[in-house]
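# Observations on chain architecture
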Amino acid sequence: MIDINQDELEHGTYYVEFQGKAQVTVGQAQWSSVDGNTDFGEKTLESGEGYDAATNTTRAIFTWDPAQDILDASWSFKNTQRDANSTVNTGITNIKLMRPTSPGAATWCDPDALFSDLHLEANQYFKAVRYLDINGMATHIPVWEHRKRLQPTLRDLDGNGKMENLEYKILLANALGSDLWLCLPHGASDDYIEKVAQVCRYGSDGLNPYTSLHSDPVFPPLNSNLRLYVEYSNEVPWNGRSDFPQSSWVKTESAAQLDAGGAIADILNYDGLFVKTDGEWNNNFTRACRYQAMRTVDISNIFRSVHRDADMHHRVRPYLSYHSDNVGGHADYLFAFLDGYYNNAEGNHVAEPHPVTHYIYGGGSTTYYSSGNKLGSDDRISVPDAGFENATVDVGMAELAPTDSDWTFTGTAGVYSKATRSSAFSLTSAGATTNTVDDYVWRGFQFTVGSETVAAYEVGLYRLPGNSGSKTVMIWDIDKGALIY
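Residues numbered from 1 in each chain as written. Predicted model: local features only at pLDDT ≥ 70, side-chain atom pairs only at ≥ 80, totals over all residues. Heavy atoms only, no water.

## Points about the pairing of strand β9 (residues 179-184)
- Of all the 6 residues making up β9, 6 are buried; the element is thus mostly covered by neighbouring parts of the structure.
- The side-chain alternation of β9 yields two buried faces, one formed by D179, W181 and C183 and the other by L180, L182 and L184.
- Pairing between strand β8 (residues 128-131) and β9: 4 bridges, direction parallel. Following the sheet pairing, Y131 is matched in β9 by L182.
- Two elements, β9 and strand β10 (residues 228-232), share 5 bridges in a ladder whose sense is parallel. In the strand pairing of β10, C183 is matched with E231. (Buried < 20%, exposed > 50% of the residue type's maximum accessible area, 1.4 Å probe, protein only. Helix = DSSP H or I, 4+ residues; strand = E, 2+ residues; numbered from the N terminus. Pairing = 2+ DSSP bridges.)

## Side note on the sheet that holds β8
- Taken together, 5 strands build an open sheet; the order of strands is β8-β9-β10-β13-β14 and the sheet is parallel. Two strands in the sheet have a free side with no partner beyond their single neighbour: β8 and β14 (362-364). Each adjacent strand pair in this sheet contributes to an overall mean axis angle of 25°, direction not counted. (Axes fitted to C-alpha atoms, helices over the stretch in contact; angles between N-to-C directions.)

## Regarding the confidence of the model for the protein chain
- On average, residues of the protein chain score 82 in pLDDT, and 74% of them reach the 70 mark or higher.
- The lowest-confidence element of the protein chain is helix α9 (residues 427-430), averaging 39 in pLDDT; the highest-confidence one is helix α5 (residues 263-268), averaging 98.
- Here residues 151-163 scores under 50 on pLDDT; set against residues more than four positions off or in separate chains, the count is 28 contacts. (pLDDT = per-residue confidence, 0-100. Contact = heavy atoms within 4.5 Å.)

## Things to note about the pattern of salt bridges
- In the structure shown here, the tally under the stated rule is 11 salt bridges.
- One salt bridge in this structure joins D259 and K276, with 2.8 Å as the shortest N-O distance. Of the two residues, D259 sits in helix α4 (residues 245-260) while K276 sits in strand β11 (residues 276-277), which places them 17 residues apart along the sequence.
- Residue classification places K276 among the partly exposed positions, given a relative accessible area of 40%.
- Bridged by salt links that share partners, the residues D190, R295 and D298 form one connected network. (Salt bridge = Lys/Arg side-chain N within 4 Å of Asp/Glu carboxyl O.)

## Some details on empty space enclosed by the protein
- Evaluation of the coordinates by the stated rule reveals 2 cavities of 30 Å³ or more.
- For the second largest cavity, the lining is made up of 11 residues, of which E231, N234, E235, V236 and S321 are closest to its centre.
- Broken down by class, the residue content of the lining of the second largest cavity amounts to 4 nonpolar, 5 polar and 2 charged. (1 Å grid on protein atoms, 1.4 Å probe; cavity = no way out; pocket = protein on both sides within 12 Å on 5 of 7 lines; lining within 4 Å. Points joined across faces, edges and corners; volume = space filled by probe spheres on them. Nonpolar A, V, L, I, M, F, W, Y, C, P; charged D, E, K, R; others polar.)

## Here we look at the environment of G187
- Within the element layout of this structure, G187 appears in the loop between β9 and α3 (190-202).
- Residue G187 is classed as buried on the basis of its relative accessible area, which comes to 11%.
- Considering only alpha carbons, one finds G187 and W249, 62 residues apart in sequence, at a separation of 8.4 Å.

Here it is as C-alpha cells:
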C-alpha cells in the first residue's frame, strides 16, 4: 500500500521507476511513457511497458485528476522479474515513486533527490525540527539492531514501520540548515544512545556509526554549525493515553527496578521515599518522574562522552520536558530529584556532584500549534501586537503597563525597549546585503572592535539560489589567523 491521499493537493503526474519487470496496477491511474508519447492505458502498466533492457529499468508516469475519478491508493506488483532472464515472481528492486513538483503539475520531482522541493520549502522557516513517533518514541526499542535501517532486508525487526531513519533526519537537517531535535525511545539501551550520539558526530556506514572522524563517510554527521537537542521520550510520565505507551512503561519499569534492587534502585529511592505495601510501590507518579530525570542524566553523560565537554550546551543540548504549567508538580519532582541526588543537595550520594545545569541545557512544558489550511501557510494575524511593537517606549527605557499595546499587563509587567547597537558590518565595504550568494565562493568583510567584548550568537548560513545548498558563516581572528566560530 502506498498512501496517496484522496485530496486536491495530491493530483498531477507521478513518476515510477524500478529495477526489473512487473505488471503494476494502481487505481484509476492513466499510464504513459516518460516522454509522454506512448499511452499505456488506464489502471495497469503491463510487464515490459516502459522497460529498458540495457539498464534493466522500468520507467513510466501516471496522472491522476480528482475531477475525473478518485485514485485507489492500493498498489499491486505481479509477474515480477528481477531481470529479463529471471523467472516470474522473482521480485523487483529499487522502487522509486516521485510525486508532482506541485499540486496538479505535469512534472515530477527529481528521482535522484532525497527530499522534495515542496518538503524543503515547507520546513525552511523552522529553526529546529523535533521528531516524535517517527523516531520510535512510542516504541520499545532496547537495542541498536532494532532501529529503522536503510537496508530493506534488515528493517522493521520490531515492526517499526512508522519510524524514519536517523541518517535521513541528519541529512534533512543539513539540507535545511535547521537544528535537530531527537526524542530518544523510552526503552533505548545505553549502547543505543551512544550509537545515536556517534552517528550525530561522526556519521555512519548505513549500518553502524563511525567512532572517529571519517574523511568520506557514507552518511555524514550533523553539520558542525547546527545544534543537537536530545530528549528522553515524550510526554512521560503524565500522558496516560493508550497511544502513549511510554508513560505506563516508565511507571512499570521504575517499579521493576525497585523490586530488583541494585544501583538504579539506589538512585531512584536515595531518600527512602518509596515503600512497597500490599505488593504495590507508593508514589507512582513521583517514582516515574525520577526515572525520567535519571535517564535524561544518562543521556547527557553519554552524549558528553562522545561530543566532548566543549560541545555540551553550546552545541549538544539535553532537554527535560514536563507537563504544561507544572501540572501535578511534574517539574518540581524532576528538578528536586536532580539537585537532591546528583548535586548532593540532600546528602553525599555521588562522588562528583554537579548542579542541574551541568546535565540539562533547558526544560519546559508542552506547546502545540497547527496551521489553518492544508498548505501549511496562514496569513492571519492570530496574536495582535505579537512583538510588542505597538507600545511607544523610548529606546533604552521601560514603561509599566503601556496603554497603547494590545496586551494586558498586571502587577509589575511592562515593556522594555532595548538600546540600539551599531551594525557589525559596513555597507560601504561589504556592498549591498543579501541573503544568498551566487556560487560557492568566499564572501566576507573585515571589522574591528574596541575594548568591549563582542559575542556572536546563532551564526547562520548563506543560502544558494533556490535553496539548492548552503555555506557556513565563519568568524576569523585575522591577527591570530584562527577560527573563532
